Amino acid sequence: MPEDKTYEKFPKDMPLPKKSWRLRLVALVLIVTLLVFGGGMAMYLFKTQPTAERKKPERMQTLVKTMTAARETTHVTIVAQGTIVPATEINLQSRVSGEIIYLHPGFTPGGIIKGNEILARIDDTDYRLVLRRRENALAQARADLRIEEGNQQIALQEWDIVREQFADMDTSSKDLVLRAPQLEKARANITAATTDVEAATIDLERTVIRAPFNAIVRKKNIDLGSQSSPQSVIAVLAGIDTFWAEVSIPTDKLAWIDLPDERGTGSPVALFANKTTYRGKIAKLMPDIDPDGLMARLRIAVADPMGLASGKPPLLLGGIVRVEITGKSLANVFRVPRSAVVNGEQILIAGPDDTLQIRKITIAWKDAEHVYIDDGLETGERIITSTVPAPIAGMPLDTGEMMNSPGTEKVENGN
């Protein structure tokens, strides 16, 4: 294959071209320029680099909510539950026997009947006949008395004639001669006949059965055509003028309640049911303890429980009501939320220098939401109402910038 002579190699002994002094000078200038620029940039970066400032660490502060302590005078409120029961309830029984021939239109379970209205009538035919016979017997006894009184006059005249003829006659039998026993018997017959008439009249009146008071029918045991007897209960009636709420409260709270006596009606009471408020008054303190909860029992009287006069929804027998009894006065106490009390007898105070103080207190009263403190606080002090984990006396607090008005809570940072 013929040799390719397109490219020819340089001879090994061929000398390299020499650089001129101008090229050398340009290269030197470029190198110096790069070194100067790099050094300048390094100095600039060193001088402008960020540096950390040294300062004292800030104190850790606990954010709290506070309220300003202010004294007030209020009343104790005792809250309990009660059960509605009738103040008056009877098992109505007939006093005589017979067939029921009339019933009141409202004589049905749940029906309301006014006092002295006729509930039912018993067939009185037999009782009218008995009364007529007794009245006839009374008339007969009165006639017998008049006859005997006539006989008395005749006997007296005969006695006077005999005495004129026999002056020394024995007078020991004068009463028999003058028919005194017969007269006494006639008078006794009138008394007995009168008594029989009165008894028959009473039995006749008892065929009309009336409501003894304003009542609601709880149970009805008769109907038209029924046979009643003195042993049978014809209805169960409950009075509607007053119901009772039976309430159980702890015995240690009795000292805060004014019980009724000759000087007053006792502590006022409010009852809540059916989204309605009812007014009541303490009727009596029961003499025994509730065996289930070992608590004292009160009976609260509620007038017009059916709302007939007021138009309120009726209270239902057996229903549960919420009861609030306004008790005795608490003077110059601090009202604090229960959540502000720790360990049962301490509260946390934000001191003047915004450090924590732990204060022991005396609680005069407490309810479901508040405690009432009568010792251990001063007016104007800041009570901490928020939770402080692991409270230590003297720890720094963050209470915010705005102070509260007395007796109100302050919310920090929009919380």
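Heads up: these notes are all about the structure in this document. (Residues numbered from 1 in each chain as written. Predicted model: local features only at pLDDT ≥ 70, side-chain atom pairs only at ≥ 80, totals over all residues. Heavy atoms only, no water.)

**Notes on the sheet that holds strand β6 (residues 112–113)**
A sheet is described by the order of its strands in space; here four strands give the open sequence β4-β11-β9-β6, paired in antiparallel fashion. Two strands close off the open sheet at either side, each with one partner strand: β4 (89–93) and β6. Of the pairings in the sheet, the one linking β6 to strand β9 (residues 215–220) comprises two bridges and is antiparallel in character. Across the sheet, Ile-112 pairs through a bridge with Ile-216, a residue of β9. (Pairing = 2+ DSSP bridges. Helix = DSSP H or I, 4+ residues; strand = E, 2+ residues; numbered from the N terminus.)

**Examining the pattern of salt bridges**
Following the criterion strictly, the structure yields nine salt bridges and no others. With a shortest N-O distance of 3.0 Å, Glu-246 and Arg-299 are connected by a salt bridge. You can see Glu-246 sitting in strand β12 (residues 242–249) and its partner Arg-299 sitting in strand β15 (residues 295–303), a full 53 residues away along the chain. Overall, the relative accessible area of 18% leaves Arg-299 in the buried class. Its salt-bridge partner being Arg-359, residue Glu-381 comes within 2.9 Å of it at the nearest N-O pair. Of this pair, Glu-381 sits in the loop between β21 (370–375) and β22 (382–384) while Arg-359 sits in strand β19 (residues 356–360), and the two are 22 residues apart along the sequence. Arg-359 carries the same exposure label as Glu-381, and that label is buried. (Salt bridge = Lys/Arg side-chain N within 4 Å of Asp/Glu carboxyl O. Buried < 20%, exposed > 50% of the residue type's maximum accessible area, 1.4 Å probe, protein only.)

**Some remarks on a nonpolar patch on the surface**
Residues Trp-21, Leu-25, Leu-28, Val-29, Val-32 and Val-36 make up a contiguous nonpolar surface patch of about 610 Å² in total accessible area. Note that Trp-21 resides in helix α1 (residues 21–48). A relative accessible area of 57% places Trp-21 in the exposed class. (Patch = residues over 30% accessible without salt bridge, like charges linked within 9 Å, V, L, I, M, F, W, Y side chains within 5 Å. Areas by Shrake-Rupley, 256 points an atom, 1.4 Å probe, with all protein chains shown as cover.)

**Overview of the pairing of strand β7 (residues 118–122)**
Most of β7 is tucked away: four of the five residues are buried. Of the pairings in the sheet, the one linking β7 to strand β8 (residues 208–210) comprises three bridges and is antiparallel in character. Note on β8: the bridge partner recorded for Ile-118 is Arg-210.

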